[in-house]
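Okay, here's what each chain looks like letter by letter:
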Amino acid sequence: MAEPMKIRATLQGDVADVRILMLHPMETGTRKTSKGVVPLHFITNVVVTHNGKTVLDAEWSQAISRNPFLGLRIKGAKAGDKIGVTWTDNKGEKRSDEVAVTAGS
């Protein structure tokens, strides 16, 4: 199973500043080792939800770097709201994590 994502969702007024670090190798299929070419292995879809409602649905390719970082802002958020993130890769692996929005400092 894939490693947990590192997600922070901090409230600034009525906007949640969301920062996501996804731990994934993101292989392009062009890197060579002494054993040959490393096969493709990359995230194909990322979905971010706010209290269960989809706010971002992105399709990715192998052009994204290893351990991708995603940042976004969600209007109308409140402390305690749930931010969910799910990714799926080209091998069918999937990871979902969720955090609560915290009050900003």
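Residues numbered from 1 in each chain as written. Predicted model: local features only at pLDDT ≥ 70, side-chain atom pairs only at ≥ 80, totals over all residues. Heavy atoms only, no water.

Draft legend 1. Looking closely at the overall build of the protein. When you go through the protein residue by residue, the secondary structure sums to zero helices and ten strands. In the protein, the order of α-helices and β-strands from amino to carboxyl end is β-β-β-β-β-β-β-β-β-β. Projected onto the principal axes, the alpha-carbon positions of the protein cover approximately 50 × 25 × 20 Å. Within the protein, buried positions represent 37% of all 105 residues. Within the protein, counting contacts between residues at least 6 apart in sequence, those at least 24 apart form 57% of the total. On the protein, roughly 6400 Å² of surface is accessible, and the fraction owed to carbon and sulfur atoms is 50%. Mean positive and mean negative side-chain charge positions of the protein (15 and 11 charges, respectively) differ by 5 Å. (Helix = DSSP H or I, 4+ residues; strand = E, 2+ residues; numbered from the N terminus. Buried < 20%, exposed > 50% of the residue type's maximum accessible area, 1.4 Å probe, protein only. Contact = heavy atoms within 4.5 Å. Areas by Shrake-Rupley, 256 points an atom, 1.4 Å probe, with all protein chains shown as cover. Lys, Arg positive; Asp, Glu negative; His and termini not counted. Charge placed at Lys NZ, Arg CZ, Asp CG, Glu CD.)

Draft legend 2. Just the sheet that holds strand 7 (residues 69–75), in detail. Reading across the sheet, the four strands line up as 7-2-1-10 and stay open at both edges, with mixed pairing between neighbours. Strand pairing shows two members of the sheet lacking a second neighbour, strand 7 and strand 10 (102–103), which therefore form its edges. (Pairing = 2+ DSSP bridges.)

Draft legend 3. Spotlight on the environment of D81. Note that D81 resides in the loop between strand 7 and strand 8 (82–89). Placed 71 residues apart in sequence, D81 and T10 show a C-alpha to C-alpha distance of 10 Å. Contact partners of D81, with chain neighbours within four places excluded, come to H50, N51, G76, V99, A100 and V101. At 2.8 Å, the side chain of D81 and the side chain of H50 are in polar contact. Within the local environment of D81, its side chain forms a polar contact with the side chain of N51, the two groups lying 3.4 Å apart. (Polar contact = N/O pair within 3.5 Å; in protein donor to acceptor, adjacent residues only side chain to side chain.)

Geometry only, nothing functional implied.
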